[in-house]
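Chain and residue survey
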Amino acid sequence: MNDCIYLDNAATTRCSEKVLEAMLPYMVENYANPSGNYASSMECRRAVEEARAVIAGVIGAAPEEIIFTSGGTESDNFAIKGSMYAGAGRQSQIITSKIEHHAVINTCKYLEKEGFFVKYINVDRYGTVDLYQLQSNISRITRMISIMYANNEIGTIEPIEEIGNIAAYYRKIFHVDAVQAFGQIPIDVNKLQIDLMSMSSHKIHGPKGVGALYVRKGSGIESLLHGGEQEFGLRAGTENVAGIVGFAAAAKEAAANMNDNFIYVSKLRNHMINRIMNEIPECRLNGSRVDTGRVENAIRAKRLPGNVNFSFAGINEGSIPLMLDTAGVCASSGSACSAFSEAPSHVLEALGLEEKLALASVRFTIGNDNKIEEIDRAVDELKIVIAQMRESSRA
Ligand code: PLP
């Protein structure tokens, strides 16, 4: 991309050629509305249903449990507001964590303004949700628990199976924001006792503006968009046929290559972490250190394969990602949605980092398109940037 080294794959990914190829016929050749009665409409309808079956297959769901949306943000809003509004009244509570994506945190803040109760659970210094605090906050008024599968900033994989057990035991609705985990690590919604799960296409080499919410059969959820009867009456609006077909093509590719991608990307990630730790003094790796490097152990690995997040002491001003950008490396300070904010990341704060250190942080997210030479060049540039920033902080 514009000759830069792209290491921001958690923000978004390159659309794969196979995905684009699958989408094109539904933009220029058959652009019919899938709700029509003629043959080309039926063909679009069939393409959407095939895509639904593909997404369902990747997570062990039934096709009719997949509702297509405009992406992760809409899926999170739909899951949370749709479930809370469907409850008996405003005197109910949602339990979530302090490190959720803004799509969840800001939805919860909005619900608080409407009179609902929200409990934000702490995490430990590696970003793992405090299960004791979570369990001890469950009460009669708790309606749902919403915890992310894997964190977008620090890559920590949460103990979803244990939380699923807790939610099932207390009969609470369990929503999982799996936007960063879907397509990267194996997910079985039945084994994990998940009721609702958010997914997004553009994180797995699919197009932007499309995603899905897994809705377990029998979950009481209200629609947020009122209009036509599309998506089993749960999400009105003409389906984004090309986007949905592209999303399914991306999910198919991701599932087929999951094992190889996991091993390859983890290797690059470990190389990058090792080089930074060995060559840049006074750095702190944010997130979990545990790594087995094998996809079947991914759940226990506790860190997404491509995530590298570091803070550096001795920097008083400036932005590491901005400095790296001038050196031709695309990285991020955390989530893309907060790229323009000067406030420290709420995730790093929740880990206990002081403000100055949290502001002197950078996130690299490696994808299967990256090469080891790019990782080496990025680390070389990072060494220069950190040295320069420390020098100017001393001046
Ligand atoms: N949830 C998480 C964990 C994310 O990382 C993101 C995007 O970065 C979202 C939700 C929002 O997804 P989308 O960009 O598809 O709206």
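This one's a predicted model, so the numbers in the text were calculated from it and none came from an experiment.

Quick look at the domain arrangement of the protein chain now. Segmenting the protein chain into domains produces domain 1 (5–12 + 258–394) and domain 2 (17–256). Between the C-alpha centres of domain 1 and domain 2 there is a distance of 27 Å. Listed by partner, the interface residues are 33 residues for domain 1 and 33 residues for domain 2. When domain 1 packs against domain 2, the two sides together hide about 2,800 Å² of surface, and 56% of this comes from carbon and sulfur. Of all residues in domain 1, the largest losses of buried area upon contact with domain 2 belong to Met258, Leu304 and His346, amounting jointly to 26% of the total for that side.

We now examine a nonpolar patch on the surface. A cluster of nonpolar residues, Leu20, Leu24, Met27 and Val28, forms a patch on the protein surface that exposes about 390 Å² of accessible area. Structurally, Leu20 can be placed in helix α1 (residues 17–23).

Across the five residues of strand β12 (residues 361–365), five count as buried, placing the element largely inside the fold. Neither face of β12 is open: one carries Ser361, Arg363 and Thr365, the other Val362 and Phe364, and all of them are buried.

In the contact formed by helix α9 (residues 258–279) and helix α14 (residues 372–394), the axes pass within 10 Å of each other and the chain directions differ by 25 degrees. As far as their axial angle goes, α14 and α9 are roughly parallel. Viewed along their axes, α9 and α14 form a crossing whose handedness is right-handed. Along its contact with α9, which presents Tyr264, Leu268, His271, Met272, Arg275, Ile276 and Glu279, the element α14 presents Ile372, Ile375, Asp376, Ala378, Val379, Asp380, Leu382 and Lys383.

On to the side chain of Glu158. With respect to the element layout, Glu158 can be found in the loop between β5 (142–148) and α7 (160–169). Buried and unpaired, Glu158 has no salt bridge, with Lys302 as the nearest side chain of opposite charge at 8.7 Å. Non-local contacts of Glu158, meaning those with residues more than four positions away in its chain, are made with Ile99, Gly127, Thr128, Val129, Ile147, Met148 and Tyr149.

Let us now look at the site of the ligand. Close to the ligand lie 13 residues; Thr73, Asp177, Gln180, Ser200 and Lys203 are nearest. At a separation of 3.5 Å, an oxygen atom of the ligand approaches a polar side-chain atom of His101. Side-chain polar atom of Gln180 to an oxygen atom of the ligand: 2.8 Å apart, as the coordinates give it. Coverage of the ligand by the protein chains reaches 88% of its 390 Å² of free accessible surface. Of the residues in the shell around the ligand, the class split is two nonpolar, eight polar and three charged.

The terminal C-alpha atoms of α9 lie 31 Å apart, and with 22 residues this matches the ideal 32 Å at 1.5 Å per residue to within 8%. Of the residues making up α9, those classed as buried are Met258, Phe262, Val265, Ser266, Leu268, Arg269, Met272, Ile273, Arg275 and Ile276.

For any pair of aromatic rings, the description rests on two quantities: the centre-to-centre distance and the angle between the ring planes. Tallied over the entire structure, the rule returns five aromatic pairs. When the ring of Tyr85 is compared with that of Phe116, the centres are 6.2 Å apart and the planes differ by 40 degrees; the resulting orientation is tilted. Taken as a pair, Tyr85 in helix α4 (residues 72–85) and Phe116 in the loop between α5 (102–113) and β4 (117–121) lie far apart in primary sequence, 31 residues in all. Using a relative accessible area of 4% as the deciding quantity, one classes Phe116 as buried. Here the aromatic rings of Phe182 and Phe247 are separated by 6.0 Å at their centres, their planes lie at 65 degrees, and the arrangement is edge-to-face. Separated by 65 residues along the polypeptide, Phe182 in the loop between β6 (173–177) and β7 (196–200) and Phe247 in helix α8 (residues 241–256) bring together distant segments of the chain. By the ring-pair criterion, three or more aromatic residues cluster together here, those being Phe68, Phe182 and Phe247. We note Lys81 situated over the ring of Tyr110; from NZ or CZ to the ring centre the distance is 5.1 Å.

Cut-off values and rules
- Residues numbered from 1 in each chain as written.
- Predicted model: local features only at pLDDT ≥ 70, side-chain atom pairs only at ≥ 80, totals over all residues.
- Heavy atoms only, no water.
- Domains from an automatic or database assignment.
- Contact = heavy atoms within 4.5 Å.
- Buried area = accessible area lost by both parts, 1.4 Å probe.
- Patch = residues over 30% accessible without salt bridge, like charges linked within 9 Å, V, L, I, M, F, W, Y side chains within 5 Å.
- Areas by Shrake-Rupley, 256 points an atom, 1.4 Å probe, with all protein chains shown as cover.
- Salt bridge = Lys/Arg side-chain N within 4 Å of Asp/Glu carboxyl O.
- Helix = DSSP H or I, 4+ residues; strand = E, 2+ residues; numbered from the N terminus.
- Buried < 20%, exposed > 50% of the residue type's maximum accessible area, 1.4 Å probe, protein only.
- Axes fitted to C-alpha atoms, helices over the stretch in contact; angles between N-to-C directions.
- Parallel < 35°, antiparallel > 145°, perpendicular 65-115°, else oblique.
- Left-handed = near helix turned anticlockwise from the far one by under 90°.
- Lys, Arg positive; Asp, Glu negative; His and termini not counted.
- Near = heavy atom within 4 Å.
- Polar contact = N/O pair within 3.5 Å; in protein donor to acceptor, adjacent residues only side chain to side chain.
- Nonpolar A, V, L, I, M, F, W, Y, C, P; charged D, E, K, R; others polar.
- Expected span 1.5 Å × (residues − 1).
- Phe/Tyr/Trp six-rings, centres within 6.5 Å; stacked < 30°, edge-to-face > 60°.
- Lys NZ or Arg CZ within 6 Å of the ring centre and 35° of its normal.

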